[in-house]
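Listed below, chain by chain, are the residues.
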Amino acid sequence: MAQLINDETTSAVPSASAISTNSTDSTEISKIYKGTIVKYIHGRNYGFIRISNIEKTEKKEIFFHKSHIIKSNFKPEVKQGDKCQFAIDEGIKGSIANNIIISYRPIPKIEKRINSTNIIQENEFKATLFTKTMLEYFRFATSTNTQ
């Protein structure tokens, strides 16, 4: 009878090693990496993310597909230079970026062309405005003195 009770208790209670492997699989938290999208091919909806220098990984760039983007403030398109956060998972051919959140897009710098005719026209406009203002001021000053 004691042998029967021992067999039932051991088969009914899972071992400690079985509990630890199941709990780590279900609660595994992947590390969040930061990076910049360096290349994106719109026709194929995939690209590459350069992992920031702060993160210590064996790869500098990692593959991603547009379907792995879970949040983007800049829909509908992904652009080169977008800053993002992501997790790394193992795919069929190697590591891929997953759960991508695009968080920042740098504002492109607009180069203002310096055209000499524009500068000359601007200076002439300022000169005529100054002259008109001074003439109005002198007319007002002389009209108050004569009365």
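Overview of the structure. Predicted model, so just to flag it, every value in this text is computed and none were measured. (Residues numbered from 1 in each chain as written. Predicted model: local features only at pLDDT ≥ 70, side-chain atom pairs only at ≥ 80, totals over all residues. Heavy atoms only, no water.)

### Let's talk about the overall build of the protein
- The secondary structure content of the protein amounts to 3 helices and 6 strands.
- Burial statistics for the protein: of 147 residues in total, 18% are counted as buried.
- Of the contacts formed within the protein by residues at least 6 apart in sequence, a portion of 51% connects residues at least 24 apart.
- For the protein, the exposed surface amounts to about 12300 Å²; the carbon and sulfur share of it is 57%. (Helix = DSSP H or I, 4+ residues; strand = E, 2+ residues; numbered from the N terminus. Buried < 20%, exposed > 50% of the residue type's maximum accessible area, 1.4 Å probe, protein only. Contact = heavy atoms within 4.5 Å. Areas by Shrake-Rupley, 256 points an atom, 1.4 Å probe, with all protein chains shown as cover.)

### A closer look at the environment of glutamate 90
- Turning to its location among the elements, glutamate 90 is positioned in strand E5 (residues 83-90).
- On the accessibility criterion, glutamate 90 (64% relative accessible area) is exposed.
- One polar contact links glutamate 90 to serine 95, side chain to side chain, over a distance of 3.1 Å. (Polar contact = N/O pair within 3.5 Å; in protein donor to acceptor, adjacent residues only side chain to side chain.)

### Considerations on the nonpolar core
- Formed by 14 residues in total, the largest nonpolar core has its most connected members in Ile37, Ile49, Phe64, Phe86 and Ile100.
- Among the secondary structure elements, those contributing two or more residues to this core are strand E1 (33-41), strand E2 (46-51), strand E3 (61-65), E5 and strand E6 (95-104).
- In this structure, isoleucine 100 is in contact with Ile49, Phe64, His65, His68, Ile69, Ile70, Lys71, Cys84, Gln85 and Phe86, ignoring residues within four places of it in sequence. (Core = buried A, V, L, I, M, F, W, Y, C linked by side-chain atoms within 4.5 Å.)

### Some remarks on the pattern of salt bridges
- In this structure the tally under the stated criterion is 2 salt bridges.
- With a closest N to O distance of 3.4 Å, glutamate 61 and arginine 50 form a salt bridge. With glutamate 61 in strand E3 and arginine 50 in strand E2, the pair connects residues that are 11 residues apart, well separated along the chain. (Salt bridge = Lys/Arg side-chain N within 4 Å of Asp/Glu carboxyl O.)

### A look at the packing of aromatic side chains
- Tallied over the entire structure, the rule returns 6 aromatic pairs.
- An angle of 40 degrees between the planes, with centres 5.5 Å apart, marks the rings of tyrosine 46 and phenylalanine 63 as tilted. Taken together, the positions of tyrosine 46 in strand E2 and phenylalanine 63 in strand E3 put the pair 17 residues apart, joining distant regions of the chain.
- Overall, phenylalanine 63 belongs to the partly exposed group, its relative accessible area being 30%. (Phe/Tyr/Trp six-rings, centres within 6.5 Å; stacked < 30°, edge-to-face > 60°.)

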